[in-house]
Amino acid sequence: MSIVLRGLRPYGEQPADLVLEEGRIADVCAPGRGVGDEVIECDGLIGLPGFVDLHTHLREPGREDAETIDTGSHAAALGGFTCVHAMANSSPVADTAGVVEQVWRLGQRCGLVDVRPVGAVTVGLGGVQLAEIGAMAHSAAAVRVFSDDGECVHDPLLMRRALEYVKIFDGVIAQHAQDPRLTEGAQMNEGALSSRLGLAGWPAVAEEAIIARDVLLAEHVGSRLHVCHVSTAGSVEVLRWAKARGVPVTAEVTPHHLLLTEELIAGYDPVYKVNPPLRSQEDVEALRHAVADGTIDAIATDHAPHPREDKDCEWAAAAMGMLGLQTAFGVVVETLVATGLLTLRQVAERMSQAPARIGRVANQGGDLVPGAPANITVVDTISRTDVRARDLVSKSGNSPYVGMALPGRVWHVAYEGRITVRDGVVA
Amino acid sequence: MDSARTVLDDADISRAIRRIVHEIVETAKGTESLVLLGIPTRGAYLARRIADAITGIDGVEVPCGTLDITLYRDDLRLRAVRPLEPTSIPPDGIDGRIVVLVDDVLYSGRTVRAALDALNDIGRPAAVRLAVLVDRGHRELPIRPDYVGKNLPTAVKENVAVKLREVDDLDAVELSEVGA
Amino acid sequence: MRHLLSAGEIDRDQAVLILDTAAELGAVTDRSIKKLPTLRGRTVVNLFYEDSTRTRISFEAAAKRLSADVLNFSAKGSSVSKGESLKDTALTLQAMGADAVVLRHGSSGAAHRLAHAGWIDASVINAGDGTHEHPTQALLDAFTIRRHLAPEGGDLAGLSVAIVGDILHSRVARSNVHLLTTLGARVTLVAPPTLIPVGVESWPCAVSYELDPVLDSVDAIMMLRVQSERMQAAYFPSALEYSRLYGLDAARLSRLPEHAIVLHPGPMNRGMEISADVADSSRAVMVEQVANGVNVRMAVLYLLLAGDGKDAG
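Parameters and conventions
- Residues numbered from 1 in each chain as written.
- Chains lettered and ligands numbered in written order.
- Predicted model: local features only at pLDDT ≥ 70, side-chain atom pairs only at ≥ 80, totals over all residues.
- Heavy atoms only, no water.
- Buried < 20%, exposed > 50% of the residue type's maximum accessible area, 1.4 Å probe, protein only.
- Helix = DSSP H or I, 4+ residues; strand = E, 2+ residues; numbered from the N terminus.
- Pairing = 2+ DSSP bridges.
- Contact = heavy atoms within 4.5 Å.
- Axes fitted to C-alpha atoms, helices over the stretch in contact; angles between N-to-C directions.
- Core = buried A, V, L, I, M, F, W, Y, C linked by side-chain atoms within 4.5 Å.
- Domains from an automatic or database assignment.
- Buried area = accessible area lost by both parts, 1.4 Å probe.
- Salt bridge = Lys/Arg side-chain N within 4 Å of Asp/Glu carboxyl O.
- Left-handed = near helix turned anticlockwise from the far one by under 90°.
- Nonpolar A, V, L, I, M, F, W, Y, C, P; charged D, E, K, R; others polar.
- Phe/Tyr/Trp six-rings, centres within 6.5 Å; stacked < 30°, edge-to-face > 60°.
- Lys NZ or Arg CZ within 6 Å of the ring centre and 35° of its normal.
- Polar contact = N/O pair within 3.5 Å; in protein donor to acceptor, adjacent residues only side chain to side chain.
- Right-handed = clockwise from strand over helix to strand, strands pointing away.

**Here we look at the pairing of strand β8 (residues 114-117) of chain A**
Residues and elements named next belong to chain A. Of the two faces of β8, the one holding Asp114 and Arg116 and the one holding Val115 and Pro117 are both buried throughout. Bridge count between strand β7 (residues 81-86) and β8: 4 bridges; the pairing is parallel. Note on β8: the bridge partner recorded for Ala86 is Pro117.

Below you can see the structure in the form of structure tokens.
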């Protein structure tokens, strides 16, 4: 079975026919010249390598009322992703080979995206004892990214050990940078607005101080550090300094931190409650420029589904997190492409190639050339569509974008040479 | 409104008040037990004028106050919330007194009904009488005035506006078509 | 007005209207028959997720004087303590035909959420939400200050008010800063820096870390309760040190201008933020504050419930 993507413009450049065969790009040839069993007319649409998300909460096992690996895979595919990293804070926590293999197998069974389990750094995310990192790395799931996301690995000695330990198999620690003492009971960004709304503040320094400590630790032990969901201008400064020193650190930013600001919280609608919290417009600007200059390596969704009852309540009682998979590309176009901050080749780097490298994911984040894996997302950047609740295939509905019009659209997705999304619908 | 027609001018109003004053003093057989209570806004000014006129005749200071009936209205929920007007009951109260309620226009009678309810919560007068500058008819309750400045037959679609110097720069009663 | 959620939402004219209405309604309190028929047939629910007997009783008295039916729904021993969500409780109250819900809740924004989440049609009155606001407390404070220091009515232009204590966690302070400045007063917050929120520079008031320098220029001084758990959380070293630096005692009282009054939202920590002799002095107006609270709450209930529910003008 071979498929021709006819008239596709890789990275928005010259049109070509891409012939996909046996999971690979078999040929790239002049438009109209490609031959295959099935032809998909792309007619000038843009081809990008399939997106790779370093940060997804799929909630299975344990909170299947919020999301399952199956529904999350559907949302990911419709968002243009061909690979997602499933965070470890499931129930039970993904801190053993058994759990990560289960997650990986369920992803395989669904077959829409490559579900890469993230292993917990510490047992039960407890921050006390290292989890069986080696066993997870050597399991069938071949885990390379370890994170206690949701919790910060706060103990500096434990963090140092974790950083050192994952060197055995070239893994990476993805740190949720949040000093727990400085953020006790924290509800939103600390500043003028939190003082007026009477919500306990989540100060920027609680993120920045941990990042500063961690980059120094990573430098000291020579290990790879990845910083999850960077949210402040100060964090960007610390990362820029660390990268200039040659520290092996990478960082991600979420779409929502590139678009939304804390002002939205004034109505106390918990759909805007997320951790780290929405910040100021200055932070948003700093984060966008950090993505543009490469200080921030990757866009990661932090897709965090929550059932309705966990958001249909008062602010303090609400769960933190928002959906992100289906809207990520639109937000990236809105904040980075339409603003001229990123070229389409850079979008491919930040949404596919860099995250695949950071997660050491084989067969993802390739180039659109013969021989590369046939993981391809076909998009446009022009059409603007309303985000509607009924179009979200996640099991939960906590998207802050419902009612907004976002530019850019995912038309087709090929995963391992198979079409998983055709005309914006799961095939 | 262009079509407003003056039915009482300032001389008419002075005359009407004078007549009301004499009738009040006559029927009360003196002034010592009288209390005047004006219903804000314009009833309060009329009550003040009546009190001053009684003083002019008798040299007696008749206790005069105001009685806001907003909290007793039966139509509160039909309109936007109304600000309260001052209620000031003379220091000796109304128990055992002859209370004369004073209002500018008597129409449905609902304002007076509310005023009677309000009085009931304040004390127990010996009698309550009603003085109005204009009675325009169309009563919806079994209420009649004791002292009337002017009986003014009107249609329901007409509007009666009482203007008093204290707030309106002139004394006049005007009749106009609603919506004209 | 449809709801009263925050003193920050009230403009000057609305604030003066509420105070004027409260003054008129206050006259009723002095008569032998203290009841008015105004809200006959309307239902006011006191929904209290936190214990606050004095606030609840004040709202209850206010509603009853206006002849509203009052239902008390407190967290203890009710479905709320069994884990029922605010939403489900709201739907229950909606089904019971509540016209107004007076909400006391530990979570900032809870009243706002109840008013705007689409769960309920009733008017919502914020009776204290977390560390956000307590607008009727600010209204009764403003009413009390006006009675003493601006008896001719109107606003509080030109008056100077100090609010002393745990500003960080105080909904009373937040509401008062908004309302008193809206009414033209100058507000100075006095507290150790640990009890002043980051971002306070955006508030329309001055801040002093010391109490003594502000004493001789205030017309009213409001002492806030300092909870002992703040001491455990290291906001200040000891109760003794706090009381030395920020407590109002007889010596400090003597340095206030002669006309100045002392307010406290209660309950007081005698010996902590206020000494017993100050609390019992003729300058302290706490008992009046309680009485004025009923009048102000009657005014709010009247203005929210007596009309057709549409905004005037």
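Anyway, onward from the coordinates.
**Remarks on the environment of A:Leu112**
Residue and element names in this part refer to chain A. Along the chain, Leu112 turns up in the loop between α2 (97-110) and β8. By relative accessible area, Leu112 is classed as buried at 8%. Considering only alpha carbons, one finds Leu112 and Glu349, 237 residues apart in sequence, at a separation of 22 Å. Leave out the neighbours within four places in its chain, and Leu112 touches Ser73, His74, Ala77, Tyr415, Thr420 and Val426.

**Observations concerning the sheet that holds β7(A)**
To summarise the sheet geometry, strands pair through backbone hydrogen bonds and adopt either a parallel or an antiparallel arrangement. Residue and element names in this part refer to chain A. The strand order across the open sheet built from 3 strands is β6-β7-β8, with neighbouring strands paired in parallel fashion. The open sheet has two edge strands, β6 (51-56) and β8, and neither has a second partner. Strand-to-strand twist across the sheet, computed as the mean angle between neighbouring axes with direction ignored, equals 20°. Here β6 runs beside β7; their pairing, made up of 4 bridges, is parallel. Paired with Asp53 across the strands is Val84, a residue of β7. Running over the sheet, α2 touches β7 and β8 and is turned about 175° from β8.

**Quick word on the arrangement of the chains**
Ranking the 2 pairs of chains in contact by number of contacts places chains A and C first. With respect to C-alpha atoms, chain A approaches chain B no nearer than 26 Å, and the pair has no contact.

**Details of the nonpolar core**
Core analysis: the largest hydrophobic core is formed by 116 residues, its most contacted members being C:Ile145, C:Ile163, C:Ile221 and C:Tyr302. For this core, the element with the highest residue contribution is helix α11 (residues 286-305) of chain C, accounting for 11 residues. Split by domain, the residues of this core number at least three in each of domain 1 (7-134 + 290-305) and domain 2 (135-286) of chain C. C:Ile163 has contacts with C:Ala173, C:Asn176, C:Val177, C:Val187, C:Thr188, C:Leu189, C:Val190, C:Met222 and C:Leu224, leaving out every residue within four places of it along the chain. Core analysis: the next-biggest nonpolar cluster, separate from the first, contains 100 residues, A:Ala141, A:Phe169, A:Leu217 and A:Val227 among them.

**Details of the interface of chain A and chain C**
With 19 residues of chain A at the contact, the number on the chain C side is 19 residues. Roughly 1500 Å² is buried in total at the junction of chain A and chain C, and carbon and sulfur atoms are behind 51% of that figure. Scanning the region where chain A abuts chain C turns up 2 salt bridges.

**Topic: the packing of helix α1 (residues 10-27) of chain B against helix α2 (residues 42-58) of chain B**
Residue and element names in this part refer to chain B. Between α1 and α2, whose axes approach to 10 Å, the crossing angle comes to 65°. Regarding α1 and α2, the two cross each other, and that crossing is right-handed. Facing Ile13, Ile17, Ile20, Val21, His22, Ile24 and Val25 of α1, the residues of α2 in contact are Leu46, Arg49, Ile50, Ala53, Ile54, Ile57 and Asp58. Residue composition of the contact of α1 with α2, by class: 11 nonpolar, 1 polar and 2 charged.

**Here's the deal with the packing of aromatic side chains**
Applying the stated rule across the entire model yields 5 aromatic pairs over all chains. For the pair A:Phe146 and A:Phe169, a centre-to-centre distance of 5.9 Å together with 50° between the ring planes defines the contact as tilted. Of the two residues, A:Phe146 is situated in strand β9 (residues 145-146) and A:Phe169 in the loop between α4 (156-165) and β10 (172-175); the sequence distance between them amounts to 23 residues. Each of the two residues, A:Phe146 as well as A:Phe169, counts as buried. Ring geometry for C:Phe236 versus C:Tyr242: centroids 5.0 Å apart, planes at 40°, classification tilted. Across this residue pair, the class does not change: C:Phe236 and C:Tyr242 are buried. The ring of A:Trp411 carries the charged tip of A:Arg409 above its face, separated from the ring centre by 4.6 Å.

**Quick word on the sheet that holds strand β2 (residues 34-38) of chain B**
Residue and element names in this part refer to chain B. Strand order in the open sheet formed by 5 strands is β3-β2-β4-β5-β6, with parallel pairing between adjacent strands. Strand pairing shows two members of the sheet lacking a second neighbour, β3 (64-66) and β6 (147-151), which therefore form its edges. Within the sheet, the average angular offset between the axes of one strand and its neighbour, ignoring direction, is 25°. Pairing between β2 and β3: 3 bridges, direction parallel.

**So, the domain arrangement of chain A**
Residues and elements named next belong to chain A. You can read the domains of chain A as domain 1 (2-46 + 373-426) and domain 2 (50-358). Counting residues at the interface gives 38 residues for domain 1, matched by 46 residues for domain 2. At the boundary of domain 1 with domain 2, total buried surface from both sides reaches about 3200 Å², with 65% on carbon and sulfur atoms. The largest contributions to the domain 1 side of the interface with domain 2 come from Tyr11, Asn398 and Tyr401, which together make up 21% of the buried area. Summed over the shared surface of domain 1 and domain 2, the number is 2 salt bridges. For Arg384, the salt bridge is made with Glu334, and the minimal N-O distance between the two is 2.9 Å. For the pair domain 1 and domain 2, the interface holds 18 residue pairs in polar contact (both at pLDDT 80 or more). When residues of the side of domain 1 that touches domain 2 are traced back to their parent elements, those giving at least two are β16 (376-386), β17 (405-415), β18 (418-422) and β19 (425-426).

**Things to note about the pattern of salt bridges**
Residues and elements named next belong to chain B. All chains considered together, the criterion is met by 49 salt bridges over all chains. Its salt-bridge partner being Asp52, residue Arg48 comes within 3.1 Å of it at the nearest N-O pair. Pair noted here: Arg48 and Asp52 are both in helix α2, with a separation of 4 residues, about one helical turn. What makes Asp52 partly exposed here is its relative accessible area of 42%. Put simply, Asp75 and Arg73 hold a salt bridge, and the shortest N to O gap is 2.9 Å.

**Focus on the pairing of β6(A)**
Of all the 6 residues making up β6(A), 6 are buried; the element is thus mostly covered by neighbouring parts of the structure. Read from β6(A) through helix α1 (residues 69-78) of chain A to β7(A), the crossover connection turns out right-handed.

**Considerations on the environment of A:Lys273**
Residues and elements named next belong to chain A. Position of Lys273 relative to the elements: it lies in the loop between α8 (255-259) and α9 (281-293). Overall, the relative accessible area of 2% leaves Lys273 in the buried class. Counting along the chain gives 49 residues from Lys273 to Met322, while the straight-line C-alpha distance between them is 7.7 Å. Among all residues touching Lys273, those that are not within four sequence positions of it are Gln187, Lys311, Trp315, Ala316, Ala318, Ala319, Met320 and Gly321. Engagement of the side chain of Lys273 in a polar contact is seen with the side chain of Gln187, the distance being 3.1 Å.

**Here we look at the interface of chain B and chain C**
Contacts between chain B and chain C engage 18 residues on the former and 18 residues on the latter. When the buried surface of chain B facing chain C is broken down by residue, B:Leu71, B:Arg77 and B:Val81 rank first, second and third, together holding 40% of it. Remark: the boundary between chain B and chain C carries 1 salt bridge. Here chain B and chain C share 6 residue pairs in polar contact (both at pLDDT 80 or more) between them. Considering only residue class, the side of chain B that touches chain C consists of 10 nonpolar, 3 polar and 5 charged.

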